[in-house]
Amino acid sequence: SKGGSSRFKMKTFTVEEVAKHNKEGDCWVIIKGGVYDVSKFAKYHPGGKKILLREGGKDSTKKFFMFHGKHVLKKYDKKLKIGTVLKAKL
């Protein structure tokens, strides 16, 4: 296995990188600074896949918490979180 500890280390993505993943089959969202790959999950989303795909490539923190509690994020954290967003240097 390449880089044994890499599976414990989260990847870091730029906002621009995340923005490219905005379509069906390739959909990432940002929630509270975490990057979540919801590509495969979209079709199982209780609120429907359309609403999820509309948020693809964006920071969806505000919208997420309008409809979900913190427990939902915790529930899917291990399964869908692929990294964190690199804070832009101003």
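All of these numbers come straight from a predicted model, not from anything done at the bench.

Caption draft 1: Looking closely at the nonpolar core. The biggest cluster of nonpolar side chains holds 13 residues, and the ones touching the most others in it are Ile31, Tyr36 and Val38. Apart from the residues lying within four places of it in its own chain, the contact partners of Val38 are Cys27, Val29, Leu52 and Leu80. Phe13, Val18, Ile30 and Val35 belong to the second-largest nonpolar core, a separate cluster that totals six residues.

Caption draft 2: Broad picture of the pairing of strand 5 (residues 81-85). In this sheet, strand 5 lies alongside strand 1 (residues 11-13) in parallel orientation, the contact comprising three bridges. Looking at the pairing, Lys11 lines up with Gly83 of strand 5.

Caption draft 3: Fine view of the pairing of strand 4 (residues 34-37). By the bridge criterion, four bridges tie strand 3 (residues 26-31) to strand 4 in an arrangement that is antiparallel. Across the sheet, Trp28 pairs through a bridge with Asp37, a residue of strand 4. As consecutive antiparallel partners, strand 3 and strand 4 are separated by two residues, and within that stretch Lys32 has a phi angle of approximately 50 degrees, a positive value. Taken together, the three bridges between strand 4 and strand 5 define a ladder with antiparallel strand orientation. Looking across to strand 5, one finds that Tyr36 is bridged to Lys81.

Caption draft 4: View of the pattern of salt bridges. Taken as a whole, this structure holds three salt bridges when the rule is applied. Residues Lys49 and Glu24 are paired through a salt bridge, measuring 2.6 Å at the closest nitrogen-oxygen approach. With Lys49 in helix 2 (residues 49-54) and Glu24 in the loop between strand 2 (22-23) and strand 3, this residue pair connects regions lying 25 residues apart in the sequence. Accessibility expressed as a relative area gives 36% for Lys49, which makes it partly exposed. On the basis of relative accessibility, which here comes to 54%, the residue Glu24 falls in the exposed class. Among the salt bridges present, the one from Lys63 reaches Glu55, with a minimum N-O distance of 3.0 Å.

Procedures and definitions
- Residues numbered from 1 in each chain as written.
- Predicted model: local features only at pLDDT ≥ 70, side-chain atom pairs only at ≥ 80, totals over all residues.
- Heavy atoms only, no water.
- Core = buried A, V, L, I, M, F, W, Y, C linked by side-chain atoms within 4.5 Å.
- Buried < 20%, exposed > 50% of the residue type's maximum accessible area, 1.4 Å probe, protein only.
- Contact = heavy atoms within 4.5 Å.
- Pairing = 2+ DSSP bridges.
- Helix = DSSP H or I, 4+ residues; strand = E, 2+ residues; numbered from the N terminus.
- Salt bridge = Lys/Arg side-chain N within 4 Å of Asp/Glu carboxyl O.

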